[in-house]
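Structural features, examined
So the chains spell out like this:
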Amino acid sequence: LNPHIAFFGEKDRQQLEVIRTMVLDLNLEIIISGKPIIREHDGLAMSSRNRYLSAENRKSARSLSQALKLAQTIILQGEQSVETVRTKIRQIIEQKSAAEIDYISICDPDSFAEQKEINSKTLIALAVKVGKARLIDNRIIERTSCNK
């Protein structure tokens, strides 16, 4: 028997899209279902890597979800500058001494092409090393004509 449906978490959005593309390219009869990010009580995206975080590192790790939330707020308030959003994200994360940014991607959620300006649907993806753990998180933000 061959599988007919496979579930992948949206926390690793890039992996999810690679799998979707591969299934289409190979004409496989499998439905790829993306499942939403599950967050712990403090906002941290659930991950097996979280167990490597000390109590102090966990406080630093929360900056990822805090930065994504702020980015969403300012984008929905009309901010279009990718560099402004990236700077705000960087400021929040770098306030935590245990956090070292690997990347901040502000891109098209389908093509992953980095955006120069934020006009509609945007994926913000983060990879940050906190202590021994490399954590990832992301958020898709969609502006409509109501919140431009």
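Here, every reference points to the structure presented above.
Presented here is a report on the structure given in the accompanying data block. (Residues numbered from 1 in each chain as written. Predicted model: local features only at pLDDT ≥ 70, side-chain atom pairs only at ≥ 80, totals over all residues. Heavy atoms only, no water.)

A word on the pairing of strand E4 (residues 121-130)
For clarity, the threshold we go by: Here the term buried applies to any residue with accessible area under 20% of the maximum for its type, exposed to any over 50%, and partly exposed to those in between, with areas from a 1.4 Å probe on protein chains only. Secondary structure follows DSSP: runs of H or I at least 4 residues long count as helices, runs of E at least 2 residues long count as strands, and numbering of each begins at the N terminus. For two strands to pair, DSSP has to find at least two bridges joining them.
Along E4, eight of the ten residues are buried, which leaves the element largely enclosed by surrounding structure. The pairing of strand E3 (residues 99-107) with E4 spans eight bridges and is antiparallel. Following the sheet pairing, Ile101 is matched in E4 by Val128. Here E4 runs beside strand E5 (residues 133-142); their pairing, made up of ten bridges, is antiparallel. Its bridge partner being in E5, Val130 is matched across the sheet by Ala133.

Focus on the pairing of strand E1 (residues 5-9)
Inclusion rule: The crossover handedness rule: strands pointing away from the viewer, path from first strand over the helix to second strand clockwise, crossover right-handed.
Relative to strand E2 (residues 31-35), E1 runs parallel, the two sharing five bridges. When the bridges of E2 are listed, Ile5 appears paired with Ile31. With respect to chirality, the unit in which E1 leads through helix H1 (residues 13-25) into the neighbouring parallel E2 is right-handed.

Some words on the packing of helix H2 (residues 55-76) against helix H3 (residues 82-94)
Heads up, the rule is: Here an angle of 0 to 180 degrees is reported between the N-to-C directions of two axes, which are lines fitted to C-alpha atoms, with helices fitted over the stretch in contact. Here the angle decides the label: under 35 degrees means roughly parallel, over 145 means roughly antiparallel, 65 to 115 means roughly perpendicular, and every other value means oblique. We call a crossing left-handed when the near helix sits turned anticlockwise from the far one by less than a right angle, and right-handed when that turn is clockwise. Note on contacts: a residue pair qualifies if any of its non-hydrogen atoms lie within 4.5 Å across the two residues.
Taken N-terminus to C-terminus, the directions of H2 and H3 make an angle of 150°; their axes are 9 Å apart at the nearest point. Taken as axis vectors, H2 and H3 run roughly antiparallel relative to one another. Between H2 and H3 lies a crossing of right-handed hand. Within the contact between the two elements, H2 uses Ser63, Gln66, Ala67, Leu70, Ala71, Ile74 and Ile75 and H3 uses Val85, Lys88, Ile89, Ile92 and Ile93.

Describing the pattern of salt bridges
Formally: A side-chain nitrogen of Lys or Arg and a carboxyl oxygen of Asp or Glu constitute a salt bridge if their distance falls within 4 Å.
Within the structure shown, the criterion is met by eleven salt bridges. Arg58 is the partner of Glu40 in a salt bridge, and the nearest nitrogen-oxygen pair spans 2.4 Å. Within this pair, whereas Glu40 is found in the loop between E2 and H2, its partner Arg58 is found in helix H2, the two being separated by 18 residues in sequence. Residue Glu40 is classed as partly exposed on the basis of its relative accessible area, which comes to 22%. Taking the shortest distance from any N to any O, the salt bridge between Arg134 and Asp102 comes out at 2.9 Å. Here Arg134 is found in strand E5, whereas its partner Asp102 is found in strand E3, with 32 residues between them in sequence. Looking at Arg134, the relative accessible area reads 35%, which means it is partly exposed. Taking relative accessible area as the criterion, Asp102 reaches 46% and is therefore assigned partly exposed. Here the salt bridges do not stand alone but share partners, grouping Glu40, Asp42, Arg58 and Arg62 into one network.

Side note on the sheet that holds E3
Taken in spatial order, the three strands line up as E3-E4-E5 in an open sheet, and their pairing is antiparallel. Looking at the sheet topology across the chains shown, the edges are occupied by E3 and E5. Recorded for the sheet is a direction-independent mean angle of 15° between the axes of neighbouring strands.

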